[in-house]
Amino acid sequence: MADIRLEGVGHSYDGGATWALKPMTWTWRSARAYALLGPSGCGKTTLLNIISGLLTPTVGRIWFDDREVTGVPTAGRNIAQVFQFPVLYEEMSVYDNLAFPLRNRKYPKNEVDQRVRQVSRLLGLDDLLRRRSRRLDPGRQQIVSLGRGLVRSQVAAVLLDEPLTVVDPALKWTLRSKLKEIHRDTGHTLIYVTHDQTEALTFADEVVVLNEGEMVQAGEPAELFLSPAHEFVGHFIGSPGMNMLPAEIVGGVVCVGQADVGTAAGQSGDGLPPGPVRIGVRPEFVRVTGARTSPGVAARVTGIDRMGAYDLVHTRVNGHPVIARTAAGSACRPDTVEFLHFPEERTFLFRDEVRCGSLAPLNGRDQA
Amino acid sequence: MSEQTTVAGSQVGGEVVPATPAGGSGAAETRADPKPRNNRAWWLVLPVVVSVAFTAVIPLMTVVNFSVQDVFSPSDRIFVGLEWFRSVTRDPEVRAAFVRTLLFSAQVLLLEIPLGVALAVVMPRRGVWMSVALVLVALPLLIPWNVVGTIWQIFARGDIGLGGWTINNVLGINFNYTLDSTDAWITVLVMDVWHWTPLVALLAYAGLRSIPGPYFQAAQIDGASAWATFRHIQLPRLRGVLTIAILLRFMDSFMIYTEPFVVTGGGPGNATSFLSILLSKIAVGQFDLGPAGAFSLLYFLFVQILCYVFFTVLTRSGR
């Protein structure tokens, strides 16, 4: 159990021409459950392989507490890793598969047996222990692979690289809650790679969002949802993602087309320089009214998705799509004009994709 | 498209296959049938049947024909039943050659399979050296059989051959494959290992290359030693290619002819007179067509049966 510290760690597969992982400094705190979230090809697996030592980073140093492990091979790092697709020792039984990492490390026989039985009970593999692993279906095989990752009691971290991709959806939920349970019991540091936001948000204490080799935000699930620091986080988390609407700051006031929607507040409460800006607001917080109550933006309704528990109202503001999530049975009709209101505390301003401030009330300023 | 085929099929099929009802009503019935039957595909097999008949079945039948007759001349022949089969199986010379050939094949497999796998494991996986290694390893496979024989015939000679001279004059061991049975046997065996281990190596190399990277990564994570990685990841995944390698090497070595014929001519004495060499002596040298026919059929049958047994054992044990 250790804090895993990355110090300016970056990796390039082509000798520095492009970064698969841009140099970053970050600490994975001991005993926490992390989700590493990002689209395919954003560098998640590269980052995992660097931590486990399967890959030596092009630049930077890695520390486990105060021991530098940058040059230490995988076997010397005491990391467990589970891959996206089942990797089994096919001619071995399930039991031998689970015992393999322990036997290689010369654990005493009775401890091997005890650990294997514990893990197999947790993952529901008891009935399969004597079966030859290659004869299991892929879902079960993956559970065995998962078990091999969890069988060692003393590991610096358990890295899970989209481990539930091939598992049956019904079983997925059970396994994910099992994993949380195991995490609670063992206190292992878990890093769980996924591109599925639901998986990330339900699993982790802390979610790290990675995009194009760059860590764009890290925080608790609610924080990422309520206060995204980057346009990508807004898009990627939430379904549908955050609305992004081009706007302009003129004299400290944010206007969309002709309509003022509020004043611009910088990150530290000061104003923002004038110029173009993008307004980000989640569909959940957009309020739709039939008449203009200040300060609102006129929008043409283009369609309504009835989702059962709620409706999604699709609109266009000056040609840009904005979605609002309203209570079921919305009275909006296509091709009518409605007014959208952006609550100040949930509306943010972005420049160059990075959050630069938020919306503040107009404070009695005159409306145009 | 499929409907068209079905309709056309039933009409044509009606003429060819009597079981299918002919005419328009037949077409309608075929369409209604949830599983339309169409036997026309058998015609596609016809070219294969014809060519196999000419290349294999008909020649084989002439051998069968000889094996049950005593042929004095083309016009003067007597049917002798299984007489030749009986005499061939009782012939001590044939029996000795059979044991000799079986022993040779066993030694070939025991040497070439492990050696080939070892070679495949140490061959470089990428870069220029991969190509160099592949070409070097594949080189013996490109040499014609009788050239291989000639190479070794000269190479192993004590007077002018590099190998034979080195053994005699540098190592100080008296080595002469034309006089000593053991030396002759070793020469033929080493020649076969040199000639055919590359085949096993290339098959195993291809098998190793097909193992996905995560298997090796998982082995590192699990702290597996190099031996454990080989034993539990590489070897099990070579099962398929090694099955093929064993079958090929068994068949080929059991039927070996050209190389020992060139190097030793079956001698000294009968030391390297394998089944095929003995067979050609009976068939071509003595022109005993009856015994040669019976011999050929038994030889053929034995190779078939042993291959079947190998294949069954190797594929069953994997389940």
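Residues numbered from 1 in each chain as written. Chains lettered and ligands numbered in written order. Predicted model: local features only at pLDDT ≥ 70, side-chain atom pairs only at ≥ 80, totals over all residues. Heavy atoms only, no water.

In the annotation of an unreviewed UniProt entry, the entry for chain B reads Glycerol transport system permease protein, and the organism field reads Nonomuraea jiangxiensis. Among the UniProt annotations of chain B, the heading Sequence similarities (unreviewed entry) holds the following wording: "Belongs to the binding-protein-dependent transport system permease family." (UniProt positions renumbered as here; feature names shortened; annotations may be inferred.)

Under an unreviewed UniProt entry, the name given to chain A is Glycerol transport system ATP-binding protein, and the source organism is Nonomuraea jiangxiensis.

Residues and elements named next belong to chain A. Burial analysis of strand E17 (residues 310-317) places six of its eight residues in the buried class, the great majority of the element. As defined by bridge partners, strand E16 (residues 297-306) adjoins E17 across six bridges and the pair is classed as antiparallel. Following the sheet pairing, Ile304 is matched in E17 by Val313. Between E16 and E17, which pair antiparallel one after the other, the connecting turn spans three residues, and Gly308 there sits at a positive phi close to 100 degrees. Examined bridge by bridge, E17 and strand E18 (residues 320-327) share eight bridges and lie antiparallel to one another. (Buried < 20%, exposed > 50% of the residue type's maximum accessible area, 1.4 Å probe, protein only. Helix = DSSP H or I, 4+ residues; strand = E, 2+ residues; numbered from the N terminus. Pairing = 2+ DSSP bridges.)

Our next topic: the interface of chain A and chain B. How big an interface is tends to be expressed through the accessible area that disappears when the partners come together. Each partner contributes to the interface: chain A provides 25 residues, whereas chain B provides 20 residues. Carbon and sulfur atoms supply 53% of the area that chain A and chain B bury against each other, a total of about 1,800 Å² over both sides. Remark: the boundary between chain A and chain B carries three salt bridges. With a shortest N-O distance of 3.6 Å, Glu91(A) and Arg231(B) are connected by a salt bridge. (Contact = heavy atoms within 4.5 Å. Buried area = accessible area lost by both parts, 1.4 Å probe. Salt bridge = Lys/Arg side-chain N within 4 Å of Asp/Glu carboxyl O.)

What follows deals with the packing of aromatic side chains. Between two aromatic rings, the relevant description is the distance of the centres plus the angle of the planes. What the rule picks out here adds up to 21 aromatic pairs over all chains. Ring centres of Tyr257(B) and Phe261(B) lie 5.3 Å apart, and the angle between their planes is 15 degrees; this geometry places the pair in the stacked category. Site record: aromatic cluster; members linked through ring pairs are Phe98(B), Phe250(B), Phe254(B), Phe295(B), Tyr299(B), Phe302(B) and Phe310(B). Positioned above the aromatic ring of Tyr95(A) is the side chain of Arg130(A), whose terminal nitrogen or guanidinium carbon lies 5.1 Å from the ring centre. Between Arg346(A) and the ring centre of Phe285(A), over which it is positioned, the NZ or CZ distance is 5.4 Å. (Phe/Tyr/Trp six-rings, centres within 6.5 Å; stacked < 30°, edge-to-face > 60°. Lys NZ or Arg CZ within 6 Å of the ring centre and 35° of its normal.)

Our focus in this paragraph is the UniProt feature "transmembrane region" (unreviewed entry) in chain B. Residue and element names in this part refer to chain B. UniProt's entry tags residues 41-64, 102-122, 134-155, 184-208, 240-258 and 294-314 with the feature "transmembrane region" (unreviewed entry), counted in the numbering of this structure. Between the C-alpha atoms that bound residues 41-64 the distance is 32 Å, and the span itself is 100% helix and 0% strand. With 100% helix and 0% strand, residues 102-122 has its two end C-alpha atoms placed 30 Å apart.

Within the largest apolar cluster, 52 residues are counted, with the highest numbers of intra-cluster contacts made by Tyr89(A), Ile113(B), Leu238(B), Phe295(B) and Tyr299(B). The next biggest cluster of nonpolar side chains, apart from the first, holds 46 residues, and it includes Tyr95(A), Ala204(A), Val216(A) and Val233(A). (Core = buried A, V, L, I, M, F, W, Y, C linked by side-chain atoms within 4.5 Å.)

A few words on the sheet that holds strand E8 (residues 190-194) of chain A. Residues and elements named next belong to chain A. Read from one edge of the open sheet, six strands run E6-E7-E8-E3-E9-E10, paired in mixed fashion. Each edge of the sheet is formed by a strand with only one pairing partner; in this case those strands are strand E6 (79-82) and strand E10 (214-219). Strand-to-strand twist across the sheet, computed as the mean angle between neighbouring axes with direction ignored, equals 20 degrees. Pairing of strand E9 (residues 206-211) with E10, which is carried by five bridges, proceeds in the antiparallel orientation. Within E10, the position partnered with Val208 by the bridge is Ala218. Contacting E6 and strand E7 (157-161), helix H4 (residues 138-150) runs over the sheet at an angle of about 170 degrees to E6. Contacts between helix H5 (residues 169-186) and the sheet are confined to strand E3 (33-37), E7 and E8, with E8 contributing the most and set at about 160 degrees to the helix. (Axes fitted to C-alpha atoms, helices over the stretch in contact; angles between N-to-C directions.)

Residues and elements named next belong to chain A. With antiparallel pairing, six strands are arranged side by side around a closed barrel as E11-E12-E13-E21-E20-E14. The mean inter-strand angle of the sheet, taken between neighbouring strand axes irrespective of direction, is 45 degrees. In this sheet, strand E21 (residues 354-360) lies alongside strand E13 (residues 259-266) in antiparallel orientation, the contact comprising four bridges. In the sheet register, Ala264 faces E21, and the bridge partner there is Leu359.

Looking now at the domain arrangement of chain A. Residues and elements named next belong to chain A. The domain architecture assigned to chain A consists of domain 1 (4-234) and domain 2 (241-360). Measuring from the centre of the C-alpha atoms in domain 1 to the corresponding centre in domain 2 gives 39 Å. With ten residues of domain 1 at the interface, the matching set in domain 2 holds 13 residues. Summed over both sides, the interface of domain 1 with domain 2 buries roughly 1,100 Å², with 52% coming from carbon and sulfur. Taken together, domain 1 and domain 2 are joined by one salt bridge. Arg278 is the salt-bridge partner of Glu231, the closest N and O atoms lying 2.9 Å from each other. At the boundary of domain 1 with domain 2, the tally comes to eight residue pairs in polar contact (both at pLDDT 80 or more). Put simply, the parts of the chain that give the side of domain 1 that touches domain 2 at least two residues each are helix H7 (221-226) and helix H8 (231-236). (Domains from an automatic or database assignment. Polar contact = N/O pair within 3.5 Å; in protein donor to acceptor, adjacent residues only side chain to side chain.)

Residue and element names in this part refer to chain A. With 15 residues, helix H3 (residues 109-123) extends 21 Å between its outermost C-alpha atoms, agreeing within 8% with the 21 Å of an ideal straight helix rising 1.5 Å per residue. Of the positions making up H3, those classed as buried are Val112, Arg115, Val116, Val119, Ser120 and Leu123. Buried positions in H3, seen along its axis, are confined to an arc of 125 degrees and lie on one side of it. Turned more than 90 degrees away from the buried face of H3 sit Asn110, Gln114 and Arg121, all of them exposed. As for H3, its buried residues are in contact with helix H2 (94-104), H4 and H5. Gly124 sits one or two residues past H3 and shows a positive phi near 70 degrees. (Expected span 1.5 Å × (residues − 1). Arc of directions from axis to C-beta.)

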